[in-house]
Amino acid sequence: MGFWNSLFGGETNPEEEKRAAEERNFDLLKYDGVKAMRIGQYEYAVKCFEKALETKEDAEVRDYLSRAFIRMGRLDDALEELKKLTMQEPDNIHLKMQAAGVAFMKEDYAEMTALCEQALAVDADNAMVHLFYAKAELGQNNVIQGIARLTKAIALEENLADARLLRGQTLLKMGDFNAASEDVAWLTEHTEESEDVLLLHARIEAAKGNADEAVGIYSQVIDLNPFQVDAFRERGKLRLEQGDKQGAEEDMKMVLELNPEEMADVNGEYSAEGIEQKTRQAYSNLNPFGI
């Protein structure tokens, strides 16, 4: 338009041209940032997004910026960007939960609680919000309140498997093995086979004193994930207690192979000589059940 105006003697509008140039620059910065994120160039992506936001406010760009910060481990900056978005869209529960998730990664449970309170003010019957609130309570060692929140989440959404798993794990730590077993039974019946559920089941059986059954379930975990170091470690402890020294040693060797730092507190190189003593030492302080 400016070209034809100039050609035929018309006047151009400097303000319109400036706005058009800014819009083109914004789009270029935004999409350069997105492309940079896709190939893992997060620092460059952040520069693009920040520069774009200097041109104009844009919720999508600010969301991209928060994601780039998370990838870089800059959780404080990511949370700050997400909180700005929640202020722009106060009724957007999804944004509040994104921010709460970052607060959880930071172990900032007070901030997480505040965000959950804001979300509940929008929708008091949102099961996911109660699940996040439960995580914040448990992070602050408010176990009873945490279980109450998880139970509320399950009452609102029966199929919320994550809430049942976390409740079962928490009940195990409290020593309520029967209640924990109920959550495991539901998860086993209603969800696909999961190493997390099997691991919880094995720990419950071990805590109940059902060593043989626990060893079998730990073996199922390992079949699903041959790199599950906790399963090898905990199965090895049970095997040692059952007198299966060879099995315990084999499991400890796998633990060391998967996690060489495991024996940092054990003097000397782990070898065939003295292996039984070292195995006992490695397992002596193990308490996988948190009780």
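All figures in this text were calculated on a predicted structure; none of them were measured in a lab. (Residues numbered from 1 in each chain as written. Predicted model: local features only at pLDDT ≥ 70, side-chain atom pairs only at ≥ 80, totals over all residues. Heavy atoms only, no water.)

**Q** How would you explain unusual backbone geometry if you had to name every residue and give the values?
**A** A positive phi angle, near 60 degrees, is found at Glu107, a position not held by glycine. Relative to the helices and strands, Glu107 is located in the loop between helix H6 (93–106) and helix H7 (109–122). Of note, Asn141 is a non-glycine position whose phi angle comes to about 65 degrees, a positive value. For Asn141, the position within the fold is in the loop between helix H8 (127–139) and helix H9 (143–156). (Helix = DSSP H or I, 4+ residues; strand = E, 2+ residues; numbered from the N terminus.)

**Q** Summarise the side chain of Asp183; cite the residues concerned and give the values.
**A** Note that Asp183 resides in helix H11 (residues 177–190). Those residues within four positions of Asp183 in sequence are excluded, and the remaining contacts are Arg164, Arg167, Gly168 and Leu171. (Contact = heavy atoms within 4.5 Å.)

**Q** Give me the lowdown on the nonpolar core, citing residues and values where you can.
**A** Phe49, Met97, Met112 and Val129 are the most contacted members of the largest nonpolar core, which has 37 residues in total. Of all the elements in the fold, those that place two or more residues in this core are helix H2 (14–38), helix H3 (42–55), helix H4 (59–71), helix H5 (75–88), H6, H7 and H8. When residues in this core are grouped by element, the largest group, seven residues, is from H6. With residues up to four places along the chain from it excluded, the contact list for Phe49 reads Lys30, Gly33, Val34, Met37, Val61, Tyr64 and Leu65. Formed by 17 residues, the second largest nonpolar core is a distinct cluster that contains Leu198, Val215, Val255 and Leu256. (Core = buried A, V, L, I, M, F, W, Y, C linked by side-chain atoms within 4.5 Å. Buried < 20%, exposed > 50% of the residue type's maximum accessible area, 1.4 Å probe, protein only.)

**Q** Describe the packing of H5 against H6, listing the residues and the values that go with them.
**A** Direction vectors running N to C along H5 and H6 enclose 160 degrees, while the axes themselves pass 9 Å from each other. Considered as vectors, H5 and H6 are oriented roughly antiparallel to each other. Handedness of the H5/H6 crossing: left-handed. Residues Leu75, Asp76, Ala78, Leu79, Leu82, Leu85 and Thr86 of H5 form the contact with H6, whose participating residues are Leu95, Lys96, Gln98, Ala99, Val102, Ala103, Met105 and Lys106. (Axes fitted to C-alpha atoms, helices over the stretch in contact; angles between N-to-C directions. Parallel < 35°, antiparallel > 145°, perpendicular 65-115°, else oblique. Left-handed = near helix turned anticlockwise from the far one by under 90°.)

**Q** Account for the pattern of salt bridges, with residues named and values stated.
**A** All told, the structure shown has 21 salt bridges when counted by the stated rule. In this structure, Lys237 and Glu241 form a salt bridge, with 3.4 Å as the shortest nitrogen-oxygen distance. Residue Lys237 and its partner Glu241 are located together in helix H14 (residues 229–241), separated by four residues, close to a single helical turn. On the basis of relative accessible area, Lys237 is assigned to the buried category, the value being 18%. Glu241 sits in the exposed class, given a relative accessible area of 55%. What emerges from the salt-bridge pattern is a single network uniting Glu57, Arg62, Glu81 and Lys84. (Salt bridge = Lys/Arg side-chain N within 4 Å of Asp/Glu carboxyl O.)

**Q** I'd like to hear about the confidence of the model for the chain, residue by residue, with values.
**A** Here the chain averages 89 in pLDDT, while 86% of its residues score no lower than 70. Of the regions scoring below 50 in pLDDT, residues 266–274 engages in 14 contacts with residues more than four places distant in sequence or in other chains. (pLDDT = per-residue confidence, 0-100.)

**Q** Kindly report on the environment of Arg239, identifying the contributing residues and their values.
**A** Here Arg239 shows up in helix H14. Among residues more than four places away in sequence, those in contact with Arg239 are Val215, Asp244, Gly247, Ala248 and Asp251.

**Q** Tell me about the packing of H8 against H9, and name the residues and values.
**A** Contact geometry for H8 and H9: axes closest at 8 Å, N-to-C directions at 165 degrees. By the angle between their directions, the pair H8 and H9 is classed as roughly antiparallel. As H8 runs across H9, the sense of the crossing is left-handed. Residues Ala127, His130, Leu131, Tyr133, Ala134, Glu137 and Leu138 of H8 touch H9, and the partners they reach there are Val143, Gln145, Gly146, Arg149, Leu150, Lys152, Ala153 and Leu156. By residue class, the composition of the contact of H8 with H9 is nine nonpolar, three polar and three charged. (Nonpolar A, V, L, I, M, F, W, Y, C, P; charged D, E, K, R; others polar.)

**Q** Got a sec to walk through the packing of aromatic side chains? Specific residues and values, please.
**A** Any pair of aromatic rings gets described here by the distance separating the centres and the angle formed by the planes. All told, the structure shown has two aromatic pairs when counted by the stated rule. Plain terms: the ring middles of Phe49 and Tyr64 are 5.7 Å apart, the flat faces sit at 15 degrees to each other, and that makes the pair stacked. On the criterion of sequence distance, the pair formed by Phe49 in helix H3 and Tyr64 in helix H4 is long-range, its members being 15 residues apart. For Phe49, a relative accessible area of 0% translates into the label buried. Note on Tyr64: relative accessible area 22%, which makes it partly exposed. Across from the ring centre of Tyr133, 3.9 Å away, lies the NZ or CZ of Arg149, which sits over that ring. (Phe/Tyr/Trp six-rings, centres within 6.5 Å; stacked < 30°, edge-to-face > 60°. Lys NZ or Arg CZ within 6 Å of the ring centre and 35° of its normal.)

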